[in-house]
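# Understanding the architecture of this molecule
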Amino acid sequence: MMKQQVAIYLRLSQEDIDKRTSKVKDESNSISAQRLLITRYLDLDPMLSRLPRLEFCDDGYTGTSFDRPEFSRMIELVRRGEISCIVVKDLSRFGRDYLEVGDYLEHIFPFLGVRFKAINDHYDSIKHFGKTIGMDIAFKNLIYDYYCKDLSKKVKSAMRLKQREARYVSCAPYGYQICSTVKHQLVIDQEAAAIVRRIFLDVIAGKSTSQIARELNSEGIATPAEYKGYRKRTDSRKPQWTHHIILNIIENLKYTGTMVNHTRESRHIRDDNQRRVPKDEWYLRENAHEAIVTQQEFNQAQEAMSRRKKTVRTHHSQSDRVYFCGHCGRKLEKVNGKSFSCPSHRYHFGRPCEGVRWQKEALEDAVFEALKIQIAVVQLESTGGKSAVQSKGDSLQSQCATLQKQYDACKREKFEQYQAYREGRITDEMFLSSRDQLTLQQNILKEQLEECKKQCEASKQEAEAADEKQRSMGRMAELTEEQLRDHLYDAIERILVYGPNDIEIVWKFQDSTVTA
């Protein structure tokens, strides 16, 4: 049964923000204005004012894409029958894709029985039940869609013009910052620029990129991303200078005062993967901003890098890319296909990562022995574990059946009480009191039944996982030692290496880890 709840959906795009003032271009589109408008409207609606409200807010997300976190959460609740009505300020706040908005209004929401209201567009799906959405709404959707595409073309054209004029249009490279007085102009950040100049001079002096990174890490100098305050929320590892960061700085022509633009371009609106532009199509302008290094120093650094011995990249099997450093969490690198080591040891002095170094053959021998032990343990435990899971599932199913019978009994008793009331065998007070008690009991039983069904589903998934684990390990147990070595990594999620005699294996079909 669908819950009678109203979803208030609010959205504000980055295009609605004036980048010069950091204020909303049209105040009526601000989140607070949308919320106030919808709340006032619901308060005056006799049907909707009594219903519980849920708010979903996507602040800073474009309407051309429906890949928005709060929108996705709202649609998931709609599918689960927990939302009966969605209210937005206007259709453009819901979305700006003509075809997808029309699909939601004409097919998805009517099929799910969800009412949709766009206040400023005077659209209420309850008035269009069984009919198309109307030409006026269709044209508004089309206009919103074309508005985005036209705006995208204008923005792209303006960006191209700024790029040709050698103006700053993207993020300022490490060593520079945005000028506070002249728009689209780079100025030197003295603190970071000193590090950039030091890196160039060290390369010219003959130091390797790994040696430079190690020295910067030992002195506690912040990496470019760390210096600007950028950090991935999901990455808990401490940032560090690496060979690649040093190389990116050395190869950046902008440090000579030359502006380099149009190195990448989008193929369509909101392109997540921009294409690389050939070098002959780049926009270059010398003396566009103050240089950190001279052109001569830049050329000397490139020449010093070109004299280094070039390593030939060879391709090895990727099935063994499950080894990680137990100290810093970074994936181990494979050297010449014969050994594993943590790359962090090259960029730090005296780190425990230096001890993470194993020959591939010796490491795989240790993992192979651990796998054989794991197979034996799983086979030994499988029968008892499967019986316990099956017994738990049967018990939960029996409990669900009992709760369902009690719930149905309450429903029958309510009907019998109603019959007795209609026939005059009980008074009004007796009927109302009995009905309220039975309703309360029904609600309690319904919650218990839903919880029991969730536990049943979890138990079912646990049983399926146990069966899959048993089948997987059973197939491996039938293999010869040579065949088992070929499938060594099939059952392994990841391996944490702490030292030459200390590894921790996380199995795909096991909740816990095994130390070897």
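Please read all numbers here as calculations on a predicted model, not as lab measurements.

This next bit is on the packing of helix 6 (residues 190-204) against helix 7 (residues 209-218). Interhelical geometry of helix 6 versus helix 7 gives an angle of 145 degrees and a closest axis separation of 10 Å. Here helix 6 runs over helix 7; the crossing is right-handed. Facing helix 6, whose interface residues are Ile195, Arg198, Ile199, Asp202 and Val203, helix 7 presents Ile212, Glu215 and Leu216. Classifying every residue of the contact of helix 6 with helix 7 by side-chain character gives five nonpolar, no polar and three charged.

It is worth spelling out unusual backbone geometry at this point. Phi angles above zero are rare outside glycine, and His122 is one such case at about 55 degrees. Inspection of the secondary structure assignment puts His122 in the loop between strand 6 (115-118) and strand 7 (123-124). Given a relative accessible area of 71%, His122 falls into the exposed group.

Turning our attention to the sheet that holds strand 6. Hydrogen bonds between backbone groups are what pair the strands of a sheet, and the pairing can be parallel or antiparallel. Strand order in the open sheet formed by five strands is 4-1-5-6-7, with mixed pairing between adjacent strands. Each end of this open sheet is capped by a strand with a single partner; those strands are strand 4 (53-59) and strand 7. As paired elements, strand 1 (residues 6-12) and strand 4 share seven bridges and run parallel to each other. Looking across to strand 4, one finds that Val6 is bridged to Arg53.

With that settled, the discussion passes to the confidence of the model for the chain. Looking at the chain as a whole, the pLDDT averages 78, with 77% of positions reaching at least 70. When the elements of the chain are averaged for pLDDT, strand 20 (residues 513-515) gives the smallest value, 50, and strand 5 (residues 85-88) the largest, 94.

The next subject is the sheet that holds strand 15 (residues 333-335). As summarised here, the arrangement of the three strands in space is 15-16-17, forming an open sheet in which the pairing is antiparallel. Since the sheet does not close on itself, it has two edges, and those belong to strand 15 and strand 17 (357-359), each with one partner. Neighbouring strand axes in the sheet, compared pairwise and without regard to direction, differ in orientation by 25 degrees on average. Looking at chain direction, strand 16 (residues 339-341) and strand 17 are connected through three bridges and run antiparallel. Each residue of the ladder has a partner; that of Ser339, found in strand 17, is Gln359.

A few words on the pairing of strand 18 (residues 492-499). As paired strands, strand 14 (residues 323-325) and strand 18 are joined by three bridges and run parallel to one another. Bridging from a neighbouring strand, Cys325 pairs with Val497 of strand 18.

This part covers the pattern of salt bridges. In total, this model carries 16 salt bridges according to the counting rule given. Of the charged contacts in the structure, one is a salt bridge between Asp202 and Lys207, with a shortest N-O distance of 4.0 Å. Relative accessible area serves as the criterion here: at 13%, Asp202 is assigned to the buried category. Of the residues examined, Lys207 reaches a relative accessible area of 24% and is grouped as partly exposed.

This part is about the side chain of Ser339. With respect to the helices and strands, Ser339 occurs in strand 16. Apart from the residues within four sequence positions on either side, Ser339 is in contact with Glu333, Lys334, Trp358, Gln359 and Lys360.

Formed by 31 residues in total, the largest nonpolar core has its most connected members in Ile199, Phe200, Trp241 and Tyr255. When residues of this core are traced back to their parent elements, those giving at least two are strand 9 (186-188), helix 6, helix 7, helix 9 (243-250) and helix 10 (295-306). Considering every element that reaches this core, the biggest residue donor is helix 6, with seven residues.

Turning next to the packing of helix 6 against helix 10. Between helix 6 and helix 10, the least distance of the axes is 8 Å, while the angle of their chain directions is 50 degrees. One element, helix 6, and the other, helix 10, form an angle in the oblique class. With respect to the hand of their crossing, helix 6 and helix 10 are arranged in left-handed fashion. Contacts between helix 6 and helix 10 pair Arg197, Phe200, Leu201, Val203 and Ile204 from the former with Glu297, Phe298, Gln300, Ala301, Ala304 and Met305 from the latter. The residue makeup of the contact of helix 6 with helix 10, split by class, is eight nonpolar, one polar and two charged.

On to helix 2 (residues 69-79). Residues of helix 2 that are buried: Glu70, Phe71, Met74, Ile75, Leu77 and Val78. The arc enclosing the buried residues of helix 2, seen along the axis, measures out at 160 degrees, which places them on a common side. Immediately beyond the C-terminal end of helix 2, within one or two residues, lies Gly81, with a positive phi of roughly 75 degrees.

Attention now goes to the pairing of strand 19 (residues 502-507). Of all the six residues making up strand 19, five are buried; the element is thus mostly covered by neighbouring parts of the structure. Inspection of the sheet shows strand 18 paired to strand 19 by six bridges, in the antiparallel sense. Residue pairing in the sheet places Gly499 in a bridge with Asp502 of strand 19. The turn joining strand 18 and strand 19, which pair antiparallel and follow one another in sequence, is formed by two residues.

This next bit is on the packing of aromatic side chains. Under the criterion given, the structure shown has 18 aromatic pairs. A centroid spacing of 5.6 Å and a plane angle of 90 degrees characterise the contact between Phe94 and Tyr104, whose relative ring orientation is edge-to-face. In this pair, Phe94 sits in helix 3 (residues 91-94) while Tyr104 sits in helix 4 (residues 98-112), placing the two residues 10 residues apart along the sequence. Classification of Phe94 as buried rests on a relative accessible area of 0%. The class of Tyr104 is buried, set by a relative accessible area of 9%.

Basis of the calculations
- Residues numbered from 1 in each chain as written.
- Predicted model: local features only at pLDDT ≥ 70, side-chain atom pairs only at ≥ 80, totals over all residues.
- Heavy atoms only, no water.
- Axes fitted to C-alpha atoms, helices over the stretch in contact; angles between N-to-C directions.
- Helix = DSSP H or I, 4+ residues; strand = E, 2+ residues; numbered from the N terminus.
- Left-handed = near helix turned anticlockwise from the far one by under 90°.
- Contact = heavy atoms within 4.5 Å.
- Nonpolar A, V, L, I, M, F, W, Y, C, P; charged D, E, K, R; others polar.
- Buried < 20%, exposed > 50% of the residue type's maximum accessible area, 1.4 Å probe, protein only.
- Pairing = 2+ DSSP bridges.
- pLDDT = per-residue confidence, 0-100.
- Salt bridge = Lys/Arg side-chain N within 4 Å of Asp/Glu carboxyl O.
- Core = buried A, V, L, I, M, F, W, Y, C linked by side-chain atoms within 4.5 Å.
- Parallel < 35°, antiparallel > 145°, perpendicular 65-115°, else oblique.
- Arc of directions from axis to C-beta.
- Phe/Tyr/Trp six-rings, centres within 6.5 Å; stacked < 30°, edge-to-face > 60°.

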